[in-house]
Each structure stands twice: as structure tokens, then as C-alpha cells.
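# Residue-level structural notes
Residues per chain, in single letters:
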Amino acid sequence: MKIAVVGIGVAGSYLLSRLKKDHEVIGYERMTQENHDSICAWGTIKSSMSELCSKSDIDFEKHIIHDGKNLYIDMNNQQRFDIKLKGLCTYDKIGLINDMAKGCKIHYDVEPKLEDMEKEFDLIIDATGFYRPYLPKIKKDFFLPTYQYKILFENEVPLDDFYVKPFPGMTGYFWYFPLGKNMAHIGAGDYKKQHVQQTNEFLKKYGGKILKTVGRPIRLATPDLCEPFYHGKVVGVGESIGTVYPLLGEGIIPSMVCADLFVKNIGNNEQYRKDVLKYFSVYAKVLHFIKTKMKGEFSAMKQLGELFKIYRYMKKNEERFGMEIHMRDLMKVAKA
Ligand SMILES: Cc1cc2nc3c(=O)[nH]c(=O)nc-3n(C[C@H](O)[C@H](O)[C@H](O)COP(=O)(O)OP(=O)(O)OC[C@H]3O[C@@H](n4cnc5c(N)ncnc54)[C@H](O)[C@@H]3O)c2cc1C
């Protein structure tokens with residue numbers, strides 16, 4: 001088939017790498033080639049990424065920047081605790097995207113018109129993340145604004161490992177993700193829109209030179225809320241159809257898993273739809289919990305069962321989440 005992949009982020013580039021052997025694939029990206037980057041904190045899990053990348057004959061380990069040991073959780077200075085990490089790392093996300101897209105024709109600095117693509121291609125992939133301009137608008141969308149700096153610390157780094165500060169009511173969180181010896185991504189996402197202030201407070205406290213400022217909404221609406229996944233010749237893959245784990249705002253691995261489901265079902269959109277809904281059904285439960293927390297409607301008594309199900313899912317997939325999962329930690333965060 002002749003396939004257009006629009007949006008060269010994690011989902012789009014992974015798709016190019018998975019499809020290029022058997023199909024004619026052409027990529028489109030709205031950023032210029034020089035400015036092409038990924039608006040993301042670049043945190044992911046080693047084991048899952050290594051497995052996914054091996055399907056494209058790519059060695060993920062060579063892209064790792066920081067291999068985490070500890071995640072420091074700061075509950076608004078009332079309480080701090082550590083979570084032992086089992087594979088959470090930062091990696092050169094744009095380097096990996098370029099590696100995956102190697103050998104494929106990509107048009108940069110362009111937002112192609114649907115009518116033009118429809119004439120030329122058998123299939124058009126909307127891998128544009130939050131924006132999804134080629135698919136119908138989502139009726140019940142749910143997203144958070146985010147803001148992030150890439151910081152260069154000229155002297156000492158303020159923290160030697162991953163650090164997260166959840167906001168009261170779990171409306172979002174601040175993150176510090178190390179990027180090697182003297183750099184880090186610091187940023188926040190917040191339903192109550194304190195994300196810019198919180199990021200600037202950290203910067204004011206610890207200093208550092210801003211190398212880059214970015215921000216974009218992150219979709220937390222889960223796939224069950226993001227239908228349709230396909231329309232005419234267009235099929236959505238990745239965050240365009242809601243593949244972000246809402247508790248963590250983690251979308252890299254889920255978007256690649258979604259791309260795998262697409263590859264498995266290529267040409268059978270309805271089966272792709274069913275597989276996506278099935279695989280991501282637990283995300284809908286997690287979103288329900290998050291939404292009730294954010295809106296101040298969470299009841300520990302009524303929702304303990306729901307919380308326990310989330311715990312069980314994460315515990316079972318500890319390796320996948322790259323950290324030790326304990327009910328006591330989840331409770332501490334839920335009580336915030
Ligand atoms: C600030 C922030 C930090 C995050 N940190 C993490 C993290 O540490 N770990 C994690 O797992 N997840 C993180 N996420 C979520 C994760 O980045 C995304 O869910 C994931 O990258 C989605 O992949 P995608 O390929 O579907 O979309 P994207 O990565 O958003 O890629 C979409 C691409 O499409 C391009 N595009 C958009 N519109 C058009 C158009 N009309 N025409 C052509 N091109 C277009 C964009 O420029 C972009 O290159 C973060 C998100 C944000 C906003």
C-alpha cells in the first residue's frame with residue numbers, strides 16, 4: 001500500500017520503521033527539520049522500550065541518557081517518600097525518532113491537505129498527537145495544559161534522580177527528569193492551571209539556564225472517549241486517539257503499543273478499533289479515578305475498590321511501569 005504518516009512523533013516514526021519493509025510510506029511533519037523536536041519530558045521504561053524497538057531492529061539502550069534508581073515524591077512538603085525504580089530512564093527521544101524514520105522520505109514544515117493526500121494514498125495515518133486534524137473532533141475530550149523547560153545547570157544539579165511533586169487534589173504534578181550530568185527537564189501539567197507558576201518557582205529556587213521552553217495540552221481522554229479512530233482513508237494512531245496513561249501522563253509506550261495494534265490489523269479498521277478498546281479498557285477506569293480526584297469528588301470509602309483494581313493492574317505490570325508499586329504509596333497520593 002501507499003501510506004501517508006502525518007506527524008513524526010513517537011507513534012509516527014515507529015510506524016514508519018514498522019511499515020517501511022512492506023509498504024511505500026511517506027512521512028509529513030509540520031515542524032522544520034532543523035527544529036524538529038519532541039515536546040515531552042523524555043521519561044520511559046527500559047525493558048518495554050527495548051522490546052518494542054527490537055521489532056524495528058533498533059537498540060534502545062544506546063539512546064538512554066539517565067538510568068533512574070529512585071523517584072522522590074514530594075507531597076507538598078508534608079511528606080516525602082521514595083519509590084525504588086526498576087527501569088525508569090530518560091532517553092534521547094528525538095534521536096530515537098530520527099533513527100526510526102531513517103531511510104524514509106519525510107516532508108518537513110508542512111501540514112498536508114486531506115484532499116491532496118486522498119488522491120495519492122491508500123491510507124492516511126493521523127499520528128499528530130493532541131491535534132488530530134484529519135479525524136472528526138472528539139465530543140468529550142479531556143486534557144491538561146503543560147509547560148516545560150530544558151535546563152542547563154552550570155554548577156551543581158539540584159537533584160540526582162527523578163523527582164515528582166503532585167499538586168493538592170491530584171490536579172497535576174511538577175516533574176524534574178534528569179538529562180545526564182548537568183541538564184534536566186523541569187515542567188508541570190495542571191488541571192487548575194498552576195503549571196507555569198510551579199515550574200517558575202522551582203527555577204527561581206534552584207537556578208539554571210533555560211535552553212528551551214515548550215508547552216502543549218496533553219490528552220487524558222482515553223481511547224473509549226476518542227472515537228472515531230478511523231474515518232474515510234484516515235486512521236488515528238497514538239495520542240490522537242487517547243493512548244496516554246492518565247495517572248502518570250505517560251504516552252510514549254502506549255502510543256507505540258497502539259502502533260503495533262495498527263500494524264497487526266492493517267487493512268481491518270474495525271478489528272483495530274476493537275483491539276485498541278480492549279487493550280486500553282483499564283485506562284478508562286484510571287481516568288475515572290483521576291477525574292473524581294481533580295474535581296474534588298473522590299470518596300475513599302466508595303472508591304476503595306476502584307483504587308485497589310488500579311493498584312492490582314500496576315502491581316501486575318511493575319516491570320512495565322518501571323518502579324516498585326505499593327498500595328501504601330498509591331493511598332498517600334490518593335489522599336493528597
Ligand atoms: C510536556 C509533556 C511531557 C511529557 N512527558 C512524557 C514522558 O516523560 N513520558 C511519556 O511516556 N509521555 C510523556 N508525555 C506524553 C507523550 O509525549 C505523548 O503522549 C506521546 O509523545 C504521544 O505520541 P504521538 O506520536 O501520538 O504524538 P506526538 O508525540 O505529539 O507527535 C505528534 C507529531 O505530529 C506533528 N504534528 C502535529 N500536527 C501536525 C499536522 N497538522 N501536520 C503535520 N504534523 C503535525 C507534531 O509536530 C509532532 O511531531 C508528555 C507530554 C507532554 C505534553
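Procedures and definitions
Residues numbered from 1 in each chain as written. Predicted model: local features only at pLDDT ≥ 70, side-chain atom pairs only at ≥ 80, totals over all residues. Axes fitted to C-alpha atoms, helices over the stretch in contact; angles between N-to-C directions. Helix = DSSP H or I, 4+ residues; strand = E, 2+ residues; numbered from the N terminus. Parallel < 35°, antiparallel > 145°, perpendicular 65-115°, else oblique. Left-handed = near helix turned anticlockwise from the far one by under 90°. Contact = placed C-beta atoms within 7 Å. Nonpolar A, V, L, I, M, F, W, Y, C, P; charged D, E, K, R; others polar. Near = placed C-beta within 6 Å. Domains from an automatic or database assignment. Buried ≥ 20, exposed ≤ 12 C-beta atoms within 10 Å, placed from the backbone. Pairing = 2+ DSSP bridges. Core = buried A, V, L, I, M, F, W, Y, C linked by C-beta atoms within 7 Å.

As a packed pair, helix H6 (residues 252-264) and helix H7 (residues 269-279) sit with axes 9 Å apart at the nearest point and diverge in direction by 150 degrees. Between H6 and H7, the interaxial angle falls into the category roughly antiparallel. Judged by the twist between their axes, the crossing of H6 over H7 is right-handed. Listed contacts from H7 to Val-257, Cys-258, Leu-261 and Phe-262 of H6 are Tyr-272, Asp-275, Val-276 and Tyr-279. Residues of the contact of H6 with H7, tallied by class, amount to seven nonpolar, no polar and one charged.

Our focus in this paragraph is the environment of Lys-291. Secondary-structure assignment places Lys-291 in helix H8 (residues 281-294). Sequence separation between Lys-291 and Met-170 is 121 residues, and the spatial gap between their C-alpha atoms is 9.2 Å.

All right, on to the site of the ligand then. Residues in close proximity to the ligand total 38 residues, the closest being Gly-7, Gly-9, Gly-129, Gly-238 and Gly-251. Secondary-structure elements contributing two or more residues to the shell around the ligand are helix H1 (10-19), strand S3 (43-45), strand S11 (146-152) and H6. Here the shell around the ligand gets three residues from one element, more than from any other, and that element is H1. The class makeup of the residues in the shell around the ligand is 16 nonpolar, 16 polar and six charged. When residues of the shell around the ligand are assigned to domains, at least three fall in each of domain 1 (2-143 + 219-334) and domain 2 (144-218).

Along strand S9 (residues 123-126), one buried face is formed by Leu-123 and Ile-125 and the opposite face, lined by Ile-124 and Asp-126, is buried too. Pairing of strand S1 (residues 2-6) with S9 involves four bridges; the strand directions are parallel. Bridge pairing in S9 links Val-6 to Asp-126. Here S9 runs beside strand S18 (residues 234-236); their pairing, made up of three bridges, is parallel. Looking at the pairing, Ile-125 lines up with Val-235 of S18.

Here we come to the sheet that holds strand S4 (residues 64-67). Strand order in the open sheet made by the three strands is S3-S7-S4, with antiparallel pairing throughout. Sheet topology places S3 and S4 at the edges, where each strand pairs with a single neighbour. Each strand of the sheet is rotated relative to its neighbour by a mean of 40 degrees, with strand direction disregarded. Where S4 lies against strand S7 (residues 88-91), three bridges are found, and the strand directions are antiparallel. Bridging across to S7, Asp-67 finds its partner in Cys-89.

Turning next to the domain arrangement of the protein. In terms of domain boundaries, the protein breaks down into domain 1 (2-143 + 219-334) and domain 2 (144-218). Measuring from the centre of the C-alpha atoms in domain 1 to the corresponding centre in domain 2 gives 21 Å. Listed per partner, the contact involves 28 residues of domain 1 and 26 residues of domain 2. At the level of secondary structure, the elements contributing two or more residues to the side of domain 1 that touches domain 2 comprise S4, strand S5 (70-75), S7 and H8. For the side of domain 1 that touches domain 2, the element with the most residues is S5, which contributes six residues. Across the side of domain 1 that touches domain 2, the residue classes tally to 16 nonpolar, eight polar and four charged.

An order of S6-S5-S12-S13-S14-S11-S15 is seen for the seven strands of this open sheet, with the pairing classed as mixed. This sheet does not close on itself; its edge strands, each paired only once, are strand S6 (79-84) and strand S15 (209-214). Strand-to-strand, the axes of this sheet are offset by a mean angle of 15 degrees, without reference to chain direction. Relative to strand S12 (residues 162-166), S5 is paired through three bridges, and the arrangement is parallel. The partner of Ile-73 across the bridge, within S12, is Val-164. Those strands touched by helix H5 (residues 195-206) are S11, strand S13 (172-178) and strand S14 (183-190), and its axis lies near 150 degrees from that of S14.

Grouped together as the largest cluster of nonpolar side chains are 89 residues, with contacts concentrated most on Val-5, Ala-11, Leu-15, Ile-125, Val-237, Met-256 and Cys-258. At eight residues, H6 tops the list of elements feeding residues into this core. Inspection of this core shows a minimum of three residues originating in each of domain 1 (2-143 + 219-334) and domain 2 (144-218). In this view, Ala-11 contacts Ala-127, Val-237, Gly-238, Ser-255, Met-256, Cys-258 and Ala-259; residues no more than four positions away in its chain are not counted.

Looking now at the pairing of S5. Note that S5 and S6 share six bridges and pair antiparallel. Its bridge partner being in S6, Leu-71 is matched across the sheet by Ile-83.

To continue, consider unusual backbone geometry. A cis amide bond links Glu-227 to the next residue, Pro-228, at an omega of 0 degrees. Mapped onto the elements of the fold, Pro-228 is located in the loop between strand S16 (218-219) and strand S17 (230-231). Even without being a glycine, Asp-57 presents a positive backbone phi close to 55 degrees. Within the fold, Asp-57 resides in the loop between helix H2 (46-54) and S4. Residue Asp-57 is classed as exposed on the basis of its C-beta count, with 7 C-beta atoms lying within 10 Å. The backbone phi angle of Asp-109 is positive, close to 60 degrees, even though this residue is not glycine.

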